Amino acid sequence: MRRAPWMIAMLAATGVACFQPETSPDPAVSAPGVEEASVEVAPHPDEAAGAAGHDLRVSGSEMAMRLELPDVVEKVMPSVVGINTERSVRQMASPFGRSPFGGHPFFGPRGMPQQPQERVQEGLGSGVIVDAEGIVLTNNHVIEGADTIRLTLNDGREFEAEVVGSDPQSDIAVLRFKDAPDDLKAIEFGDSDALRLAESVVAIGNPFGLSSTVTLGIVSAKGRGNMGIVDYEDFIQTDAAINPGNSGGALVNLRGELVGINTAILSKSGGYQGVGFAIPSKMARGIMESLVETGKVSRGWLGVMIQELTPELASALEIPESARGVVVSDVQPQSPAARAGLQRGDLITSIAGRSVSSPGELKNRVGMAQPGTEVEVAYLREGQAMKGRLELGALEDAAGVASAPGFAPSPVEGLSLQALNDELRAQLRVPPALRQGVAVTEVAPGSEAARLRLRPGDVILEVNRRPVSSPADVSQLWQTSRGQVLVLLYRQGATIFMTLPAN
């Protein structure tokens, strides 16, 4: 249907999004259309390595493919669909002003409370046909909570769809045509791992409901994580224009192969500002196959709590400056990591033959592997390289796994400590596996303890790699430290290392 210019202007002015704000994965950095504050993203370590030794000038073969780009787009366009969703929402009548029919706005004519009113909320997005039998890939946030889903082909035909399965942790959903036509054209999958920085890519979707929109850009980064959009992040970053309505659409290379599912933008205005993110096709395809086959996604489980390796932590743990990896802050009992001999303080450097340099990388590698997969883990312990083999567990099974009170002078101004007892254990929800520790019961505002980022409810488990069971233990080990103190804390269900000044 052709839209009048005034309608297009109105859509652009009101910021029509490809999803409903109530279902956005994160209001700070999320699907196109959400206002977001300035975010500074550090370059991924693999980027420099990926670019090193490569001539970033456009090669003759790529130039030839650019000249053939219209043919490529014409081939791919029938595989990209528009997605229209409807969902019913209940809300109270407006509290402003009196009802035009008389009486109070919250009450009827006879003082009876008004019932919540239902209205239909519409959403726009995109999807990609990946199987000619009628399988469509899109984002979870495009279809989440929808009562009805309609797919619109490039030629304007509309069909109803049903949800095969969805995975909010990666923001992937799989749909199926309820009555698929015989002439559906499936896109070919490409190798997202083989993408190079500055390689040209094309984004195809339905921004602002404008069907069959094509934008050209480059791969500006790979392996983007820690964005806070979803739990499992390994985004392709691109400057191909992505706007509200593009979510779930195709990111293709110049051969017309699917290399990503467009998912999010980084923007202050809610519109395109040069930074977009796509889920790599390799990740999307694995999740899709699991959803189609079993209706759910099974993820591997290692059984460790991990954190970033900082220079201060490397110094405290005596890890060589040249080492890269992820620090193990705890190992869960009876977990695959425990059976393989991993210990708190180890530095995991690679898993399954692939190096890891951030917690996000390790989480993705393990989470994308199937339970039961046997992998080799390489790690450093006290400067010595070690290896072990283990069989990954299932993440859904991961949940299957006292000293006398005492007080002592605090080693830090403004810090109150108390040895764990049964009451504190229950109050702070300390698991039975942590048999001893010292609870932080109070942190004075503006004190030295507050400046060190200690919090009430923290449980100090170790000081300088030595277990503590009383405030006196903490004070003694702290006061005999030189330069800095290495503290192991239990905080809100996780154990973390912190390096703090000794004085």
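Definitions and cut-offs
- Residues numbered from 1 in each chain as written.
- Predicted model: local features only at pLDDT ≥ 70, side-chain atom pairs only at ≥ 80, totals over all residues.
- Heavy atoms only, no water.
- Helix = DSSP H or I, 4+ residues; strand = E, 2+ residues; numbered from the N terminus.
- Buried < 20%, exposed > 50% of the residue type's maximum accessible area, 1.4 Å probe, protein only.
- Areas by Shrake-Rupley, 256 points an atom, 1.4 Å probe, with all protein chains shown as cover.
- Phe/Tyr/Trp six-rings, centres within 6.5 Å; stacked < 30°, edge-to-face > 60°.
- Lys NZ or Arg CZ within 6 Å of the ring centre and 35° of its normal.
- Pairing = 2+ DSSP bridges.
- Core = buried A, V, L, I, M, F, W, Y, C linked by side-chain atoms within 4.5 Å.
- Contact = heavy atoms within 4.5 Å.
- Salt bridge = Lys/Arg side-chain N within 4 Å of Asp/Glu carboxyl O.
- pLDDT = per-residue confidence, 0-100.

**Q** Help me out: how do you make sense of the overall build of the protein in this one?
**A** Summing up its helical and strand segments, the protein has 12 helices and 27 strands in all. Counting every position in the protein, which comprises 503 residues, the buried fraction comes to 48%. About 24900 Å² of surface is accessible on the protein, with carbon and sulfur atoms providing 50% of the total.

**Q** What's the story with the packing of aromatic side chains in this structure? I'm lost.
**A** Two aromatic rings, taken as a pair, are described by how far apart their centres are and by the angle between their planes. Scanning the entire structure with this criterion turns up two aromatic pairs. On the numbers, 5.6 Å between centres and 65 degrees between planes, the contact of Phe 159 with Phe 177 is edge-to-face. Taken together, the residues Phe 159 in strand S5 (residues 158–167) and Phe 177 in strand S6 (residues 172–177) connect sequence positions 18 residues apart. You'll find Phe 159 and Phe 177 in the same group, each marked buried. Here the aromatic rings of Phe 235 and Phe 277 are separated by 5.7 Å at their centres, their planes lie at 45 degrees, and the arrangement is tilted. Of this pair, Phe 235 sits in strand S10 (residues 235–238) while Phe 277 sits in strand S13 (residues 276–280); the two residues are 42 residues apart in sequence, bridging distant segments of the chain. Residue Phe 235 shares its accessibility class with Phe 277, and that shared class is buried. Lying over the aromatic face of Tyr 232, Lys 363 brings its terminal NZ or CZ to 5.1 Å of the ring centre.

**Q** For this particular structure, what's the right way to read the pairing of strand S12 (residues 257–265)?
**A** The side chains of a regular strand alternate between the sheet's two faces. With respect to burial, S12 is a largely interior element, nine of its nine residues being buried. Note: strand S11 (residues 250–253) against S12, three bridges, orientation antiparallel. What sits directly across from Leu 251, in S12, is Gly 260. In this structure, the hairpin formed by S11 and S12 is closed by a connection of three residues, where Gly 256 is found at a positive phi of approximately 80 degrees. In this structure, S12 lies alongside S13, joined through five bridges in antiparallel fashion. Note on S13: the bridge partner recorded for Gly 260 is Pro 280.

**Q** What's the story with the nonpolar core in this structure? I'm lost.
**A** Soluble globular proteins: nonpolar side chains tend toward being buried together. In this structure, Val 130, Leu 137, Ile 187 and Leu 258 are the most contacted members of the largest nonpolar core, which totals 37 residues. No other element matches helix H6 (residues 281–294), which puts five residues into this core. Core analysis: the next-biggest nonpolar cluster, separate from the first, contains 21 residues, Ile 460, Val 463, Val 468 and Met 498 among them.

**Q** Any chance you could explain the pairing of strand S20 (residues 384–391) here in plain terms?
**A** Bridge count between strand S19 (residues 374–381) and S20: eight bridges; the pairing is antiparallel. Pairing of Glu 374 across the sheet is with Glu 391, part of S20. Two successive antiparallel strands, S19 and S20, enclose a turn made up of two residues, where Glu 382 displays a positive phi of approximately 55 degrees.

**Q** How should the environment of Gly 393 be read in this particular structure?
**A** Considering the arrangement of structural elements, one finds Gly 393 in strand S21 (residues 393–394). Considering only alpha carbons, one finds Gly 393 and Ala 337, 56 residues apart in sequence, at a separation of 9.5 Å. Non-local contacts of Gly 393, meaning those with residues more than four positions away in its chain, are made with Arg 299, Gly 300, Trp 301, Pro 336 and Pro 371.

**Q** When you look at the pattern of salt bridges in this model, what are you seeing that I'm missing?
**A** Where charged atoms of side chains with opposite charge meet at close range, the side chains can pair. Scanning the entire structure with this criterion turns up 19 salt bridges. Across the salt bridge formed by Asp 183 and Arg 157, the nearest N and O atoms sit 3.0 Å from each other. Of the two residues, Asp 183 is situated in the loop between S6 and strand S7 (188–189) and Arg 157 in the loop between strand S4 (148–152) and S5; the sequence distance between them amounts to 26 residues. In this structure Asp 183 comes out as partly exposed when scored by relative accessible area, which is 44%. Arg 157 gets classed as partly exposed once you look at its relative accessible area, which sits at 31%.

**Q** Would you mind going over the environment of Arg 455 with me for this structure?
**A** Looking at the secondary structure, you find Arg 455 in the loop between helix H11 (448–451) and strand S24 (459–463). Residue classification places Arg 455 among the partly exposed residues on the basis of a relative accessible area of 40%. With 12 residues separating them in the primary sequence, Arg 455 and Val 443 have C-alpha atoms 6.3 Å apart. With near-sequence residues (within four places) excluded, Arg 455 lies in contact with Val 440, Val 443, Arg 491 and Gln 492.

**Q** Would you mind going over the confidence of the model for the protein with me for this structure?
**A** Parts of the model with low pLDDT should not have their predicted coordinates read in detail. Across the protein, pLDDT averages 80, with 78% of residues at or above 70. When the criterion is pLDDT under 50, residues 32–55 qualifies, and its contacts beyond four places in sequence or with other chains add up to 51 contacts. Counted against residues more than four places away or in other chains, residues 399–408, with its pLDDT under 50, gives 23 contacts.

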